[in-house]
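# Close look at the chain arrangement
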Amino acid sequence: MRWVLGELQAQSPNLFLWAPVLFGGGIALYFGLNGPPTGVFLVLWGVGFIAACLFALQRRSTVLRQLGLGLIWFILGYLNASLRAALVAAPVLGWNYYGPVEGRIIGLDRSASNAPRMVLDQITLPGARDTAVPARIRLSAVGEIAPGILRPGARITTTAFLSPPEPPVEPGGFDFRRFAWFNQLGAIGYSRNPVLAAWPGAAQNGLSVWLLSQRMALADWVRAGIPGVDGAFAAAIVSGDRSAIDPAVLNDLRASNLAHLLAISGLHMGLLSGFVFMLLRRGMALVPGLALAHSIKKYAAFGALLAAAGYLLLSGANVATQRAFIMAAVVLVAVMLDRPALTLRSVALAALIVLIIAPESLMEAGFQMSFSATTGLIAAYSALRGRWVFAPGAARWQRILGWSLGVVLTSAVGGAATAPFSAFNFNTISQFGLLANVLAVPMMGLVVMPAAVVALLLSPFGLSGAALAVMGWGIAWILGVASYVAALPGAVIPVVAAPWQVLGLISLGGLILCLLRGWLRLAGLVPAALALLVWSSATRPALLIDGDGRLMGVMGATGRALNKDRAYSYAAQSWLQNDGDSAAQDAAFARDGLQVYTGGSAAVLDNGWEIILHWGRDAPQQPCTAKRLFVFSGQPQPRMGPCLWVSPDDFARMGALAITPTGEGLEFVTTLSDAQTHYWQR
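Scoring rules and cut-offs
- Residues numbered from 1 in each chain as written.
- Predicted model: local features only at pLDDT ≥ 70, side-chain atom pairs only at ≥ 80, totals over all residues.
- Heavy atoms only, no water.
- Pairing = 2+ DSSP bridges.
- Helix = DSSP H or I, 4+ residues; strand = E, 2+ residues; numbered from the N terminus.
- Axes fitted to C-alpha atoms, helices over the stretch in contact; angles between N-to-C directions.
- Contact = heavy atoms within 4.5 Å.
- Buried < 20%, exposed > 50% of the residue type's maximum accessible area, 1.4 Å probe, protein only.
- Parallel < 35°, antiparallel > 145°, perpendicular 65-115°, else oblique.
- Core = buried A, V, L, I, M, F, W, Y, C linked by side-chain atoms within 4.5 Å.
- Left-handed = near helix turned anticlockwise from the far one by under 90°.
- Nonpolar A, V, L, I, M, F, W, Y, C, P; charged D, E, K, R; others polar.
- Disulfide = S-S within 2.5 Å.

### Here we look at the sheet that holds strand β11 (residues 559-562)
The antiparallel open sheet is built from 5 strands, whose spatial order is β11-β10-β9-β17-β18. The outermost strands of the open sheet, each flanked by one partner alone, are β11 and β18 (665-670). Averaged over all adjacent pairs, the angle separating strand axes in this sheet is 25°, with direction ignored. Two elements, strand β9 (residues 543-545) and strand β17 (residues 657-662), share 3 bridges in a ladder whose sense is antiparallel. Counted as the bridge partner of I545 is L657 from β17. Across the sheet, helix α20 (residues 569-578) lies against β9, β10 (552-556) and β11, angled at about 165° from β11, the strand it touches most.

In structure tokens, the structure reads:
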């Protein structure tokens, strides 16, 4: 006990590191519960907050004071998430709509099918009530597009199909409604009709639209200087515009674990601000009067901060880029204040700021992976500081060896820290990700990003051609590495979707390993091992039916068999990915285990229950007998006999279904529930 108390006392200098952890725990509780706090719940929170403040203010017991502070952070996290969800409230379309749509373009990208996709605001839906018109919609343009119409601030009109954001395609799956709520997307849809200008002339646009137009102009400039797929990649990392990226290139980057190079994240922000900092400091050092009389290091940090802020604005300022800017800003401000920059306290402060501004980012893979990588890297290098080739005053050959080891160590630690979160969110493991990162990341840091900065500095003089050419050579190397690694046998290993408890256990284990001091940190291996145990025993539902009652998938000896070969592809691919199955939808359709016939399909589960999915208008041919479940997605049928029955009206109440045989019966788990009362679930 004396040893344990001594180890706990040694953690006192690191207690602030747990503030964002507890704050994030409160946020996770908000999203994990069924809805916003009730009156009774708020009273209990108030009593708990007062008690926590009393504990924090008392001086007799250090343990009680620290517990009180921890409880305060936890409660504030919960309340912050509740407040944020209420403040972003915007109308959501309450029905499926087909008709004229008019709006202003405020965002441009491409859909999964590579179709142009627009985010519109200032929406007009003729015939819809004003209170029901969404603040924003996302629209994919499948049909003809008028020349020059896809530009920021342009007001367009078309005839489109719109629907409310969809619930999860299976119980426990990704809830797109939450993402849409915090981005104020009240509807999504597509148009197969021509997209035309609503009226001639330019509309009155604000700063956000002007910045978007500058981003598009910057992307066009980069693509003009670097043609082909290399230019599309360059435009993405400079401006955030991915509209020209080839889907095949995206697949290679994901399979080789290099997709993080495409997203403007901490790596890009760190490389850009670090290069600008070095450039300014070395440049001012050439002026003796300035270098001897002023703190040029602080001036360089301020200039790098301005460059990072400009990069933030020009790249679209999405959540991932905001997070990267905050992390870079914390480091640079620490330099200006003569404080240690690259410390776990800086990471904790950055995480706290991000969670205060956007608590919903805690539930996103980008937040989890970027902060896990940063925390792991700083913890690893802190442990190695002053040792062997990393010791100050090391010989030249030791410094060269240290740099070489650092390249491998950075990729290894970053990959190990992010791999569990990548596998949890995307159900894949890139087996050769370390090899790809060791070959590609140094090229990004030493060639691509410096060349991009030089090209931007030389662009006013028309001398950026050489720098863009060098940037293109570096990108060609990166894409070549991605293509080579992605083509290796077994490059991608699919994994089964993990229960939500696994994410909490992995996070807790990693935090204990990185944040605690001394031998006590080894306790983090316990929740990590428990997470692997829970994950390895994860099972998948025997039968899945989508929320429309049209797509059905039954688990068999060779994997899940589907009753559709092309339609409902998003739900089908999501099910297969969550199964840890890399098969395509048409291959799953060809599997045994499902009988498909005109107007329906049928499957038999292990306990003898027969599931009949019927979407035709006529009555099913099979009689209503015991151990038979009828699922009607088309015309409602009269109930009769001892069989179980799911009607079209039931899907509106239940959503997608997961069915598991239990002895002689069936266990139902639904996507929707009357108990779900979050804003985005109503």
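### As for the environment of Q322
Here Q322 lies in helix α12 (residues 319-336). Note on Q322: relative accessible area 28%, which makes it partly exposed. Q322 sits 13 residues away from A309 along the chain, and the two C-alpha atoms are 9.5 Å apart. If near-sequence neighbours (up to four positions away) are discounted, Q322 is found in contact with L312, A317 and I357.

### Some thoughts on the packing of helix α8 (residues 247-255) against helix α17 (residues 465-486)
Relative to each other, α8 and α17 sit at 70°, their axes nearing to 8 Å. With respect to their mutual orientation, α8 and α17 come out roughly perpendicular. Here V249, D252, L253 and A255 of α8 come into contact with α17, specifically with L479, A482, S483 and A486.

### Considering the pairing of β10
Taken together, the 3 bridges between β9 and β10 define a ladder with antiparallel strand orientation. Considered in β10, the bridge of L543 is made with V554. Relative to β11, β10 is paired through 4 bridges, and the arrangement is antiparallel. Its bridge partner being in β11, M555 is matched across the sheet by R560.

### Regarding the nonpolar core
Counting residues in hydrophobic clusters, the biggest one holds 56 residues, and the most contacted among them are F233, I237, L253, L258, M444, M471 and I475. Those elements giving two or more residues to this core turn out to be α6 (207-225), α7 (228-239), α8, α9 (266-285), α11 (296-314), α12, α16 (433-458) and α17. Not counting the four nearest positions on each side in its chain, F233 is found in contact with I245, L253, L261, L262, M444, I475, I478 and L479. One finds A81, A348, L355 and W680 within the second-largest nonpolar core, a separate group that totals 34 residues.

### What about the packing of α16 against α17?
At a closest axis distance of 8 Å, the pairing of α16 and α17 adopts a crossing angle of 160°. Comparing the axis directions of α16 and α17 gives the class roughly antiparallel. For the pair α16 and α17, the sense of crossing is left-handed. Within the contact between the two elements, α16 uses L435, A436, L439, A440, M443, M444, V447, V448, A451, A452, V454 and A455 and α17 uses A467, L468, V470, M471, G474, I475, W477, I478, V481 and V485. When its residues are assigned to classes, the contact of α16 with α17 shows 21 nonpolar, 1 polar and no charged.

### Regarding the state of the cysteines
Applying the stated rule across the entire model yields 1 disulfide. Bridging C624 to C643, the disulfide has an S-S length of 1.7 Å. For the disulfide bridge between C624 and C643, the dihedral angle about the S-S bond is near -95°, and by the sign convention the bridge is left-handed. In this pair, C624 is assigned in the loop between β14 (610-614) and β15 (628-632) and C643 in the loop between β15 and β16 (644-646), connecting sequence segments 19 residues apart. The same class applies to C624 and to C643, which are both buried.

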